Amino acid sequence: MDVRAKPHEQLAEALSVPLSQVDALIRARMSSENAPRIPEVTQHLVSAGGKRIRPMLTIASARLLGYPGPYDVHLAATVEFIHTATLLHDDVVDESSQRRGRPTANLLWDNKSSVLVGDYLFARSFQLMVETGSLRVLDILANAAATIAEGEVLQLTAMSDLSTGEDTYLKIVRGKTAALFSAATEAGGVIADASEDQIRALHIYGDALGIAFQMADDVIDWLDETGKRVGDDFRERKMTLPVIRAVAAAEGGEDWAFWARTIGKGRQEDGDLERAHRLLVETGALRSTQETALGWAGTAQAALRELPEAPLRDMLHDLADFVVARLR
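Residues numbered from 1 in each chain as written. Predicted model: local features only at pLDDT ≥ 70, side-chain atom pairs only at ≥ 80, totals over all residues. Heavy atoms only, no water.

**Quick word on the overall build of the chain**
Reasoning step 1: When helices and strands are counted, the chain shows 16 helices and 2 strands.
Reasoning step 2: For 328 residues, the compact-globule estimate of 2.2 N^0.38 gives 20 Å, and the C-alpha radius of gyration of the chain, at 20 Å, lies within 12% of that figure.
Reasoning step 3: The principal-axis extent of the C-alpha atoms belonging to the chain is close to 60 × 50 × 35 Å.
Reasoning step 4: Looking at the chain as a whole, 52% of its 328 residues qualify as buried.
Reasoning step 5: Long-range pairs, those at least 24 residues apart, make up 73% of the contacts in the chain with a sequence separation of at least 6.
Reasoning step 6: Summed over all atoms, the accessible surface of the chain reaches about 15000 Å², with 50% contributed by carbon and sulfur.
Reasoning step 7: Distance between charge centroids for the chain: 3 Å, based on 35 positive and 48 negative side chains. (Helix = DSSP H or I, 4+ residues; strand = E, 2+ residues; numbered from the N terminus. Rg over C-alpha atoms; globule rule 2.2 N^0.38 Å. Buried < 20%, exposed > 50% of the residue type's maximum accessible area, 1.4 Å probe, protein only. Contact = heavy atoms within 4.5 Å. Areas by Shrake-Rupley, 256 points an atom, 1.4 Å probe, with all protein chains shown as cover. Lys, Arg positive; Asp, Glu negative; His and termini not counted. Charge placed at Lys NZ, Arg CZ, Asp CG, Glu CD.)

Here it is as structure tokens:
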């Protein structure tokens, strides 16, 4: 194994056999004899790539605790279907035109196709859950699906509201990102018949990893060395953690009026992005968000102490470092 590879690449190599089975199962279950548009839309998104972090978390959690298969493969495909379905729906809600550098499905086809194919993938995910024969796994993943939907609706109502606080932000993040991470790891522990302490540790790991992942994304949106367009969250008027903290530090006056105009009312002008970035730096909002993300990564790593010492555990430990690596 190449020790220079990134943690998710090391996981992909170590789990190459079950991951290939996941890919085969996804291809088989996204087919439809009656509606050829379903595999067309799904294949467009699946073929765009992605790190497949969530299915890897499921398989790594199960195999770390000695599970030989095969139902961790079903669960890994389940979480990937749920994730793909939410991406299709998100692109419609956000009116996105690009995903992973390619045109979105709603742009190439239409909003109706994206929504309905997303619904189909949700249905397929529940079929896969049932095949494991575990009611507890079904409960975990069904709750995750509901929590994801709650998080998206909460974000829709709170996104541009300057009164949105950190508690609400954390609920949104737990919904839209961390819920599926924690369900992926927890379900892997359950299918492996792990102890309750180990299952709880896997849940904590996935939850903290997902929160760290999202907070890191919030910061990375403002960094110009990542190859991404700077300030998309600002343009979309999202109350991410750095903005929430900068607004809290404004305490009225010109700075608060600036945020009220640009985020609250959506009236953005030339030079506003640069001013917003300056305020995030001057108030320490960017730095404190970085530190908070690193803290959540540490929480994820601490949870792993309940699990057996093994190369897979080391990779999961390094993965928590990787999701915040660009913030150091």
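**Details of the layout of surface pockets**
Reasoning step 1: Computed from the structure, the second largest pocket encloses a volume of approximately 330 Å³.
Reasoning step 2: Forming the walls of the second largest pocket are 16 residues, and the residues nearest its centre are His89, Asp90, Val93, Glu152 and Val153.
Reasoning step 3: Top contributing element to the lining of the second largest pocket by residue count: helix α8 (residues 135-158), with 7 residues. (1 Å grid on protein atoms, 1.4 Å probe; cavity = no way out; pocket = protein on both sides within 12 Å on 5 of 7 lines; lining within 4 Å. Points joined across faces, edges and corners; volume = space filled by probe spheres on them.)

**Some details on the packing of aromatic side chains**
Reasoning step 1: Inspection of the entire model under this criterion finds 5 aromatic pairs.
Reasoning step 2: Centre to centre, the rings of phenylalanine 234 and tryptophan 259 are 6.4 Å apart; their planes meet at 75°, and the pair counts as edge-to-face. Of this pair, phenylalanine 234 sits in helix α11 (residues 232-235) while tryptophan 259 is found in helix α13 (residues 253-264), placing the two residues 25 residues apart along the sequence. Residues phenylalanine 234 and tryptophan 259 agree in their burial class; the two are buried. (Phe/Tyr/Trp six-rings, centres within 6.5 Å; stacked < 30°, edge-to-face > 60°.)

**A word on the packing of helix α10 (residues 196-220) against helix α16 (residues 311-323)**
Reasoning step 1: Put simply, α10 and α16 touch, their axes get as near as 9 Å, and they point 20° apart. By the angle class used here, α10 and α16 are roughly parallel. The chirality of how α10 crosses α16 is left-handed. Taken together, the residues of α16 that come into contact with α10 (itself represented by Tyr205, Leu209, Ala212, Phe213 and Ala216) are Leu316, Leu319, Ala320 and Val323.
Reasoning step 2: Residues of the contact of α10 with α16, tallied by class, amount to 9 nonpolar, no polar and no charged. (Axes fitted to C-alpha atoms, helices over the stretch in contact; angles between N-to-C directions. Parallel < 35°, antiparallel > 145°, perpendicular 65-115°, else oblique. Left-handed = near helix turned anticlockwise from the far one by under 90°. Nonpolar A, V, L, I, M, F, W, Y, C, P; charged D, E, K, R; others polar.)

**Quick notes on the pattern of salt bridges**
Reasoning step 1: Across all of its chains, the model carries 13 salt bridges by this definition.
Reasoning step 2: Notably, a salt bridge pairs arginine 29 with glutamate 131, separated by 2.9 Å at the nearest N-O pair. Taken together, the positions of arginine 29 in helix α2 (residues 16-29) and glutamate 131 in helix α7 (residues 111-131) put the pair 102 residues apart, joining distant regions of the chain.
Reasoning step 3: Close ionic contact of aspartate 72 with arginine 63 constitutes a salt bridge, the shortest N to O distance being 2.6 Å.
Reasoning step 4: The class for arginine 63 is partly exposed, based on a relative accessible area of 25%.
Reasoning step 5: Put simply, Asp23, Arg52 and Glu80 are held in one network by salt bridges that share partners. (Salt bridge = Lys/Arg side-chain N within 4 Å of Asp/Glu carboxyl O.)

**What about the environment of leucine 294?**
Reasoning step 1: Position of leucine 294 relative to the elements: it lies in helix α15 (residues 285-303).
Reasoning step 2: Classification of leucine 294 by relative accessible area gives partly exposed; the value is 24%.

**Topic: the packing of α2 against helix α4 (residues 53-64)**
Reasoning step 1: The N-to-C vectors of α2 and α4 enclose an angle of 135°; their axes lie 11 Å apart at closest approach. Judged by the angle between their axes, α2 and α4 are oblique. Crossing angle aside, the handedness with which α2 passes α4 is right-handed. Of the residues in α4, those in contact with Pro18, Leu19 and Val22 of α2 are Met56, Ile59 and Arg63.
Reasoning step 2: Class assignment for the residues of the contact of α2 with α4 results in 5 nonpolar, no polar and 1 charged.

**Concerning the side chain of arginine 313**
Reasoning step 1: Take arginine 313: it is sitting in helix α16.
Reasoning step 2: No salt bridge is formed by the buried arginine 313, whose closest oppositely charged neighbour, glutamate 309, lies at an N-O distance of 4.3 Å.
Reasoning step 3: Side-chain polar atoms of arginine 313 contact the backbone oxygen of leucine 304, separated by 3.3 Å.
Reasoning step 4: There is a polar contact of 2.9 Å between the side chain of arginine 313 and the backbone oxygen of leucine 307. (Polar contact = N/O pair within 3.5 Å; in protein donor to acceptor, adjacent residues only side chain to side chain.)

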